[in-house]
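# Results of the structural survey
In case you want the letters, here they are:
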Amino acid sequence: MERLVAAVARGDQAAYARLYRAVAAPVYGTALRTLRSPSQAEEVAQEVLLEVWRAAAGYRPARGTVLAWVLTIAHRRAVDRVRAAQAAADRELRAALREQPVREPGAEPVAEQVERVFDARRVRSALARLSGVQRESLVLAYYGGYSQREIARVLGVPLGTVKTRMRDGLLRLRTAFDGS
């Protein structure tokens, strides 16, 4: 594939067509795993394959295989897309919060205060019934704002372990709240 990339760097369209056929499916798969949206994955795959055409001269064999280079571009593009979507959602949330009327402290109706305190107690009680590792993972995620990957890094456990702990903990929480 290195020869194909070198030919693409010289503007060889036939070489690009062969390279495209060789990497299009893995590029789409990488984007789909990250984005979980077929239409978004298709868009990212198109962007990546266009970038491969434009940046072929920048490929350095000493840094890895052609496929690794292309899939790295795909992964980065997909992550950029996720981050852009999250940033847009965060902006919308901040704008919505700015539009909400500001209440004076203590202006919350008594019924809402009581309900909020009751809900907080239910959550604390349900969390207390979880195993320590489930509670730790969920607290880091929902109160600490950590991603599952960050939790795995902080706790020094595999990502799959964090996902399992969180899934099991959430199932137990659901059961606790369905029963009450």
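Structure first, text after, so check above.
Before going into details, it helps to say that this report is about the structure given with it. (Residues numbered from 1 in each chain as written. Predicted model: local features only at pLDDT ≥ 70, side-chain atom pairs only at ≥ 80, totals over all residues. Heavy atoms only, no water.)

The next thing to look at is the overall build of the protein. Across its full length, the protein holds eight helices and zero strands. Along the protein, helices and strands appear, N-terminal first, in the series α-α-α-α-α-α-α-α. In summary, the protein has a C-alpha radius of gyration of 24 Å against a globular reference of 16 Å for 180 residues, an excess of more than 25%. If one aligns the C-alpha atoms of the protein with their principal axes, the spans along those axes are about 75 × 40 × 25 Å. The buried share among the 180 residues of the protein stands at 27%. For the protein, contacts bridging at least 24 residues in sequence account for 57% of all contacts bridging at least 6. For the protein, the separation between the mean place of its 30 positive charges and that of its 19 negative charges on side chains is 8 Å. (Helix = DSSP H or I, 4+ residues; strand = E, 2+ residues; numbered from the N terminus. Rg over C-alpha atoms; globule rule 2.2 N^0.38 Å. Buried < 20%, exposed > 50% of the residue type's maximum accessible area, 1.4 Å probe, protein only. Contact = heavy atoms within 4.5 Å. Lys, Arg positive; Asp, Glu negative; His and termini not counted. Charge placed at Lys NZ, Arg CZ, Asp CG, Glu CD.)

For helix α6 (residues 132-142), the full list of buried residues reads Q134, S137, L138, L140 and A141. For α6, the buried positions fall inside an angular range of 160° around the axis, keeping them on one side. (Arc of directions from axis to C-beta.)

Bringing the nonpolar core into the picture now. If you look at the biggest cluster of nonpolar residues, it comprises 26 residues, and the most contacted ones within it are V5, L19, V27, V48, V52, W69 and V70. Only α1 (2-9), α2 (13-35), α3 (38-55) and α4 (66-99) provide two or more residues apiece to this core. Looking at which element gives the most residues to this core, the answer is α2, with eight residues. Leave out the neighbours within four places in its chain, and V70 touches V23, V27, V48 and V52. Counting residues in each nonpolar core, the second largest holds 13 residues, with L127, L130, A141 and V157 among its members. (Core = buried A, V, L, I, M, F, W, Y, C linked by side-chain atoms within 4.5 Å.)

Below, the discussion takes up the environment of A41. In this fold, A41 is placed in helix α3. Assessed through its relative accessible area of 0%, A41 is described here as buried.

Put simply, α2 and α4 touch, their axes get as near as 9 Å, and they point 35° apart. For the crossing formed where α2 meets α4, the hand is right-handed. For the pair α2 and α4, contact is made by L19, V23, P26, V27, T30, A31, T34 and L35 and by V66, L67, V70, L71, A74, H75, A78, V79, R81 and V82, respectively. Taken together, the residues of the contact of α2 with α4 sort by class into 14 nonpolar, three polar and one charged. (Axes fitted to C-alpha atoms, helices over the stretch in contact; angles between N-to-C directions. Left-handed = near helix turned anticlockwise from the far one by under 90°. Nonpolar A, V, L, I, M, F, W, Y, C, P; charged D, E, K, R; others polar.)

Read these as geometric descriptors, not functional statements.
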